[in-house]
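A look at the structure
Letter by letter, the chains look like this.
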Amino acid sequence: MTNSAAAPIAAVSAVRPAGAYLDEMMARVGVDGLTAAFAEPALLARLDQHAAAIRDALRGAGRVADADGLAAYARSMAAGSVRMGRPLPEPGFAPMSGAEWLAAGFPLLRLVAVCLIAETEGLL
């Protein structure tokens, strides 16, 4: 691994149970992203599209949208984001407004969509 910043995140994430990792994603991006989405219909529609794509990707990989499948997908997204030089925000430092979220990068929107699925499925 060439990016030393990614190593600690990957090492910690790999040993965490799926539910704990989903809780972390909810704290980092889910709470703020979903709050903004419920106030901004365009953002909610975009997240619904991301959620459908996540479900399709999981199905295509022979997985289901359970805690393990969603956590694996989220770990992949988070690691990719770090490799691209876009570390995830710490809890409480994610974008707040619908406009900020609509301008957020692909990985953050995918992670909020993971949280949307997890919340909808009662996994959190």
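Residues numbered from 1 in each chain as written. Predicted model: local features only at pLDDT ≥ 70, side-chain atom pairs only at ≥ 80, totals over all residues. Heavy atoms only, no water.

The name that an unreviewed UniProt entry assigns to the protein chain is DUF6401 family natural product biosynthesis protein, with the source organism given as Actinoplanes sichuanensis.

1. So, the environment of Gly92
With respect to the element layout, Gly92 can be found in the loop between α4 (67-83) and α5 (98-102). Excluding its chain neighbours within four sequence positions, the residues that come into contact with Gly92 are Ala27 and Asp32. (Helix = DSSP H or I, 4+ residues; strand = E, 2+ residues; numbered from the N terminus. Contact = heavy atoms within 4.5 Å.)

2. Side note on helix α3 (residues 41-60)
With 20 residues, α3 extends 29 Å between its outermost C-alpha atoms, agreeing within 8% with the 28 Å of an ideal straight helix rising 1.5 Å per residue. Among all positions in α3, only Leu43, Leu47, His50, Ala51, Ile54 and Leu58 are buried. An end-on view of α3 places all buried positions within 105° of arc, on one side of the element. Along α3, the residues that are exposed and aim more than 90 degrees away from the buried face are Pro41, Gln49, Arg59 and Gly60. The elements touched by buried residues of α3 are α2 (18-39), α4, α5 and α6 (106-120). Phi for Gly62, located one or two positions after α3, is positive at around 75°. (Expected span 1.5 Å × (residues − 1). Buried < 20%, exposed > 50% of the residue type's maximum accessible area, 1.4 Å probe, protein only. Arc of directions from axis to C-beta.)

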